[in-house]
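# Report on the structure
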Amino acid sequence: MPHLFDPLTIRETTFLNRAWVSPMCMYSAEDGVIQEFHHAHLGAFITGGAGLVIVEATGVVPEGRISIGCPGLYTNEQAEAFTPIIKLAHSYGVKMGIQLAHAGRKGGTTRIGIGLSDHMIATPEEGGWETVAPSALAFEGYPVPRELTTGEIKQLVKDWADAASRAVKAGFDVLEIHAAHGYLLHEFYSPLSNHRTDEYGGSFENRTRFLREVTSAVRHEMPDSMPLFVRISASDWTEGGWTIEESVELAPILKELGADLIDTSSGGNVHNAKITVGPGYQVHFAHAIKGITGVSASTVGMITDPQQADEIISSGKADAVMMAREFLRNPRWPLMAAEVLGVKIEWPRQLTRGKKA
Ligand SMILES: Cc1cc2nc3c(=O)[nH]c(=O)nc-3n(C[C@H](O)[C@H](O)[C@H](O)COP(=O)(O)O)c2cc1C
C-alpha cells in the first residue's frame, strides 16, 4: 500500500505526494479577480511541499460566487490572473487545481470570512444579487431563492463548460466541480432542497441529472491527460436527506462520465444536521466509496497529524488527504510531516536551512 509521500498518478498527471490543500474561500477577490493576497496565500502552500493546491470555490457566473469577494472564471481577465501562480507551482513540481462552483441559495454574501461586514447578505449597492436554487426554499438565515427554469439550468451547464475551458487555457492541472456543502449542485441532488417535479427533481436519476450534465460538459473541455475531481457531500447527516448509499451509487456514474476522483466531504445543506465531528470524521465516507466501488477518493476533515494522514493512505481508506485549517496554521505542513514520518523529500532550495536534520 502507498504512503502519504508516495506519488500518485491520475491519467497522465503525477502528484508528488498525497498531502493536498483543500479549497478555501478567502473573500479577497475584486470583481472576481484574484489579488496580491492570493499570490502570498497560495504561494506559501506551493513552497510548503503540498502535492496539489486547489484554489477556492470560483464562480462560473457572477451569481455563482459565494460572496462578493469570491473569484470567478466568467471572464478571460479572471482566468489570466492565475497564470503567474500556476507558473510558480510548476517551477516547484506542484500541481494546481481550481474548484468550479455555483453557490446557489447560499450565494450573494458579504466578505463573511474576514469580519469586514456586520451583516451577511450583500445589498445590491454592495454588489449582491438575487440567489437561485432548484426550488424556492431558503437555507436558514438566507433569503428565499428563485427557482431556476429548465432553460437556465441548461445555460448553467454551458457556463460551467466555458469556465472549465478558461481554466484549462490558464494552465491548471486539475479541475474540481464543487458539488458539496449545500451549494447549487448539492441543492439539486439532495431531496431536502430539491422539490422539483420536472426532469431535474424527484428520483435519484432526476436529482443527479444536473451534476451529471455538468460533469460531462466540463470533461468535454479538458484534455484526456487532465484529471477531473468532483467534491460531493457524501451525506446530509439528516433524516430524509442524501445518503452515503446514494453517494456510493453516484460515484461510478460520475466516473463513467469522466470524473477521476471523488473528493469526499459532507453536510452543509441544512443548518441543523447532526454531524458527529472529530479527527478524520469523514474518512469512512471516502473509504466506503473507494472500497465498495473502486473509484478513487480523497478525504478531508480534521486531519492534522502526520501519522493519522499516513495511516489513512497506507490502510487504503483514501487515495489522498486534503487539509484546510491545518494548512492555514502551517502552510508548510508537508515539510514538517515528512520529517516526523522520517521520509526524505526535496525542500525548495530557498528553505533548506530550515531543515532539522
Ligand atoms: C476558511 C475556509 C474556507 C473554505 N472554503 C471552501 C471552499 O471554497 N470550497 C470547499 O469545498 N470547501 C471549503 N472549505 C472547507 C474545507 O475545504 C474543508 O473541507 C473543511 O475545512 C474541513 O477540513 P479541515 O478540518 O482540514 O479544515 C473551507 C474551509 C475553511 C476553513
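One structure accompanies this document, and this report is about it. (Residues numbered from 1 in each chain as written. Predicted model: local features only at pLDDT ≥ 70, side-chain atom pairs only at ≥ 80, totals over all residues. Heavy atoms only, no water.)

## Thoughts on the pattern of salt bridges
- Tallying each qualifying case throughout the model produces twelve salt bridges.
- Note that Arg11 and Asp260 form a salt bridge whose closest N and O atoms lie 2.9 Å from each other. Remark: Asp260 occurs in the loop between helix H8 (244–256) and strand E10 (261–265) and Arg11 occurs in the loop between strand E1 (8–10) and strand E2 (13–15); sequence separation between them is 249 residues.
- A salt bridge links Arg207 to Glu246; the nearest nitrogen and oxygen atoms lie 3.1 Å apart. With Arg207 in helix H6 (residues 204–207) and Glu246 in helix H8, this residue pair connects regions lying 39 residues apart in the sequence. In this pair, the class of Arg207 matches that of Glu246, namely buried. (Salt bridge = Lys/Arg side-chain N within 4 Å of Asp/Glu carboxyl O. Helix = DSSP H or I, 4+ residues; strand = E, 2+ residues; numbered from the N terminus. Buried < 20%, exposed > 50% of the residue type's maximum accessible area, 1.4 Å probe, protein only.)

## As for the nonpolar core
- One finds Leu100, Phe172, Leu175, Phe210 and Val218 to be the most contacted residues of the largest nonpolar core, which totals 88 residues.
- Element by element, the count of residues in this core is highest for helix H4 (residues 150–170), at nine residues.
- Excluding anything up to four places from it in sequence, Leu175 contacts Ile98, Leu100, Ala164, Ala167, Val168, Val218, Met222, Met226, Pro227, Leu228 and Phe229.
- Counting residues in hydrophobic clusters, the runner-up holds twelve residues, among them Ile54, Leu261, Ala320 and Met322. (Core = buried A, V, L, I, M, F, W, Y, C linked by side-chain atoms within 4.5 Å. Contact = heavy atoms within 4.5 Å.)

## Some details on the environment of Tyr183
- Inspection of the secondary structure assignment puts Tyr183 in the loop between strand E8 (174–179) and helix H5 (184–189).
- Assessed through its relative accessible area of 14%, Tyr183 is described here as buried.
- Along the backbone, Tyr183 and Arg353 are 170 residues apart, and their C-alpha atoms lie at a distance of 44 Å.
- Look past the residues within four positions of Tyr183 in its chain and what remains in contact with it is Ile66, His102, Ala103, Lys106 and His178.

## Looking at the site of the ligand
- In the neighbourhood of the ligand, 16 residues make up the surrounding shell, with Ser22, Cys25, Gln99, Met302 and Arg325 lying closest.
- Taking Ala324, its main chain carries an N or O atom lying 2.9 Å from an oxygen atom of the ligand.
- The protein chains hide 83% of the 600 Å² of surface that the ligand would expose on its own.
- Residue composition of the shell around the ligand, by class: eight nonpolar, five polar and three charged. (Near = heavy atom within 4 Å. Polar contact = N/O pair within 3.5 Å; in protein donor to acceptor, adjacent residues only side chain to side chain. Areas by Shrake-Rupley, 256 points an atom, 1.4 Å probe, with all protein chains shown as cover. Nonpolar A, V, L, I, M, F, W, Y, C, P; charged D, E, K, R; others polar.)

## Some words on the layout of surface pockets
- Empty space within the largest pocket amounts to approximately 780 Å³.
- Pro23, His181, Arg231, Ala324 and Arg325 are the residues nearest the centre of the largest pocket, which is lined by 33 residues in total.
- For the lining of the largest pocket, the elements supplying multiple residues, two or more each, are strand E12 (320–323) and helix H11 (325–329).
- No other element matches H11, which puts four residues into the lining of the largest pocket.
- Among the residues making up the lining of the largest pocket, the classes are represented as 19 nonpolar, nine polar and five charged. (1 Å grid on protein atoms, 1.4 Å probe; cavity = no way out; pocket = protein on both sides within 12 Å on 5 of 7 lines; lining within 4 Å. Points joined across faces, edges and corners; volume = space filled by probe spheres on them.)

## Some details on empty space enclosed by the protein
- Under the criterion given, the structure shown has one cavity of 30 Å³ or more.
- Volume-wise, the largest cavity comes out at about 30 Å³.
- Around the largest cavity sit Val21, Ser22, Pro23, Met24, His41, Leu42, Phe45, Ile54, Val55 and Glu56, which together line it.
- At the level of elements, helix H1 (36–46) and strand E4 (52–59) are the ones that each hand at least two residues to the lining of the largest cavity.
- Of the residues that constitute the lining of the largest cavity, the class distribution is seven nonpolar, two polar and one charged.

## Re the pairing of E10
- Burial runs high along E10: five of the five residues are buried.
- Burial along E10 is two-sided: Leu261, Asp263 and Ser265 and Ile262 and Thr264, pointing in opposite directions, are all buried.
- Chirality of the crossover, the property in question, places the unit of strand E9 (residues 228–233), H8 and E10 among those that are right-handed.
- Sheet topology places E10 next to strand E11 (residues 296–300); four bridges connect them, and they run parallel. Its bridge partner being in E11, Thr264 is matched across the sheet by Thr299.
- In the classification by handedness, the crossover that spans E10, the intervening helix H9 (residues 283–293) and the parallel E11 is right-handed. (Right-handed = clockwise from strand over helix to strand, strands pointing away. Pairing = 2+ DSSP bridges.)

## Notes on H9
- Burial in H9 covers these residues: Val283, Phe285, Ala286, Ala288 and Ile289.
- On its buried face, H9 sits against E9, H8, E10, E11 and helix H10 (306–314).

## Overview of the side chain of Asn194
- Along the chain, Asn194 turns up in the loop between H5 and H6.
- From its side chain, Asn194 meets the backbone nitrogen of Arg196 in a polar contact 2.9 Å long.
- A polar contact is formed between the side chain of Asn194 and the backbone oxygen of Tyr200, at a distance of 2.7 Å.
- Non-local contacts of Asn194, meaning those with residues more than four positions away in its chain, are made with Pro134, Ser135, Glu187, Phe188, Tyr200, Gly201 and Arg207.

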